[in-house]
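Fold and geometry: a report
Here's the letter readout for the chains.
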Amino acid sequence: ASSVKFFNIAGQTMESFVHSLNEDSKQQDMDSDESQFVLGLAGIVTNVAALAIGREFLVGSNQVLLDTMIQLLRDMKPGCCTKLKVLMLMSLYNISINMKGVKYISENTGFFPLIWWLLNGSV
């Protein structure tokens with residue numbers, strides 16, 4: 001239960017960070033402590049998703065986090081937070097290796113157009 005809370009907090013932190021960027025007129029310093037902390041959280045999610053048991057856990061218990069990451073990929077401005085986008089995409093790729101994960105992602109109707117948009121240079 002505490003690990004589910006951790007990933008909920010991680011998702012909320014990433015969401016707050018991205019929304020604060022979108023409200024800021026200036027580009028966020030990605031070397032700042034806050035940016036490094038958010039990248040660290042995203043890295044933890046990516047590493048957990050790299051393990052079979054981690055993928056199963058994230059798909060089974062943390063679908064809110066997955067939805068948050070997909071929404072944040074939509075919300076982030078092109079050219080902004082490339083490292084964060086890459087970590088989120090790596091996490092979602094890892095999730096897609098799991099049968100439940102690929103089913104969950106494929107049921108998100110906007111996911112594949114989002115990937116197409118990101119891969120066509122909008123990252």
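Keep in mind that what you see is a predicted model, and the values were worked out from it rather than measured. (Residues numbered from 1 in each chain as written. Predicted model: local features only at pLDDT ≥ 70, side-chain atom pairs only at ≥ 80, totals over all residues. Heavy atoms only, no water.)

Structural notes on the overall build of the protein chain
- When its secondary structure is counted, the protein chain shows 7 helices and 0 strands.
- N-terminal to C-terminal, the α/β element order of the protein chain is α-α-α-α-α-α-α.
- A burial count over the protein chain gives 42% of its 123 residues as buried.
- At a minimum sequence separation of 6, the contacts of the protein chain that also span at least 24 residues come to 70%.
- With an accessible surface of roughly 6700 Å², the protein chain has 61% of that area assigned to carbon and sulfur atoms. (Helix = DSSP H or I, 4+ residues; strand = E, 2+ residues; numbered from the N terminus. Buried < 20%, exposed > 50% of the residue type's maximum accessible area, 1.4 Å probe, protein only. Contact = heavy atoms within 4.5 Å. Areas by Shrake-Rupley, 256 points an atom, 1.4 Å probe, with all protein chains shown as cover.)

Quick notes on the nonpolar core
- With 32 residues, the main nonpolar core has M14, M69, M76, L84, M88 and L92 as its most contacted residues.
- For this core, the secondary structure elements donating two or more residues are α1 (2-23), α2 (33-49), α3 (52-61), α4 (63-75), α5 (82-96), α6 (99-106) and α7 (111-122).
- With near-sequence residues (within four places) excluded, L84 lies in contact with M14, F17, V18, V38, L39, A42 and M76. (Core = buried A, V, L, I, M, F, W, Y, C linked by side-chain atoms within 4.5 Å.)

Re the packing of aromatic side chains
- Here the structure, examined in full by the defined rule, presents 3 aromatic pairs.
- The interplanar angle of 80° and the centroid separation of 5.1 Å between the aromatic rings of F6 and F7 together place this pair among those described as edge-to-face.
- The class of F6 is partly exposed, set by a relative accessible area of 34%.
- Measuring from centroid to centroid gives 5.5 Å for F111 and F112, while their planes differ by 75°, and the two rings are edge-to-face. (Phe/Tyr/Trp six-rings, centres within 6.5 Å; stacked < 30°, edge-to-face > 60°.)

So, unusual backbone geometry
- In this model, C81 sits at a positive phi of 55°, which is unusual for a non-glycine residue.
- Take C81: it is sitting in the loop between α4 and α5.

Looking at the packing of α4 against α5
- Packing of α4 against α5 brings their axes to within 10 Å, and their N-to-C directions diverge by 135°. Looking at the two axes, α4 sits oblique to α5. Judged by the sense of rotation from one axis to the other, the crossing of α4 with α5 is left-handed. Seen from α4, the contacting residues are L66, M69, I70, L72 and L73; seen from α5, they are K85, M88, L89, S91, L92 and I95. (Axes fitted to C-alpha atoms, helices over the stretch in contact; angles between N-to-C directions. Parallel < 35°, antiparallel > 145°, perpendicular 65-115°, else oblique. Left-handed = near helix turned anticlockwise from the far one by under 90°.)

With respect to α5
- Between its first and last C-alpha, α5 extends 21 Å over 15 residues, near the 21 Å set by a 1.5 Å rise per residue.
- All of the buried residues along α5 are L84, K85, L87, M88, S91, L92, N94 and I95. (Expected span 1.5 Å × (residues − 1).)

Concerning the confidence of the model for the protein chain
- Model confidence for the protein chain is summarised by a mean pLDDT of 87, while 89% of its residues fall at 70 or above.
- Summarising per-element confidence for the protein chain, the mean pLDDT is lowest in α7 (79) and highest in α2 (94). (pLDDT = per-residue confidence, 0-100.)

Points about α2
- In this model α2 runs 24 Å from its N-terminal to its C-terminal C-alpha over 17 residues, within 8% of the 24 Å that 1.5 Å per residue would give.
- Within the span of α2, buried status applies to S35, V38, L39, L41, A42, G43, V45, T46 and A49.

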